[in-house]
Amino acid sequence: MTVDRSRCNGLGVCEAFAPDVFEVDDNGDLVLLTEQLTDAQLEGVDQAIAACPTEALSRA
Ligand code: SF4
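In this report, we go over the structure that sits alongside the text.

About the thresholds
Residues numbered from 1 in each chain as written. Predicted model: local features only at pLDDT ≥ 70, side-chain atom pairs only at ≥ 80, totals over all residues. Core = buried A, V, L, I, M, F, W, Y, C linked by C-beta atoms within 7 Å. Buried ≥ 20, exposed ≤ 12 C-beta atoms within 10 Å, placed from the backbone. Contact = placed C-beta atoms within 7 Å. Near = placed C-beta within 6 Å. Helix = DSSP H or I, 4+ residues; strand = E, 2+ residues; numbered from the N terminus. Nonpolar A, V, L, I, M, F, W, Y, C, P; charged D, E, K, R; others polar.

**Considerations on the nonpolar core**
Right, on to step 1. Of all hydrophobic cores here, the largest spans nine residues; its members are Cys 8, Cys 14, Ala 18, Val 21, Phe 22, Ala 48, Cys 52, Ala 56 and Leu 57.
Right, on to step 2. Setting aside anything within four residues of it in sequence, one finds Phe 22 in contact with Cys 14, Glu 15, Leu 30, Leu 32 and Ala 48.

**Quick look at the site of the ligand**
Right, on to step 1. Of all residues adjacent to the ligand, which total 15 residues, the nearest are Cys 8, Val 13, Cys 14, Cys 52 and Ala 56.
Right, on to step 2. Elements with a contribution of two residues or more to the shell around the ligand: α1 (13-17) and β2 (22-24).
Right, on to step 3. Looking at side-chain class alone, the shell around the ligand contains eleven nonpolar, four polar and no charged residues.

**Thoughts on the environment of Asp 29**
Right, on to step 1. Residue position: Asp 29 is located in the loop between β2 and β3 (30-32).
Right, on to step 2. Using a count of 11 C-beta atoms within 10 Å as the deciding quantity, one classes Asp 29 as exposed.
Right, on to step 3. Taking the C-alpha atoms as reference points, Asp 29 and Gly 12, separated by 17 residues in sequence, lie 9.2 Å from one another.
Right, on to step 4. Contact partners of Asp 29, with chain neighbours within four places excluded, come to Gly 10 and Val 24.

Shape is all these values report; function is a separate question.
Take a look at the structure:
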């Protein structure tokens, strides 16, 4: 999973779907909490990818 940081607006929609993977810090920057995703996390990540309003996330 990759983040195109030039597209990310830091509003944290992804955090709502996968809070153990994504976190928006106090500066509004997206932090990835893990690179090794479990099957359960992948489900949330796929939902986050679909829901991200700026298409900043991809499965690649
Ligand atoms: S939902 Fe998309 S734009 Fe919003 S913080 Fe997450 S990656 Fe960035």
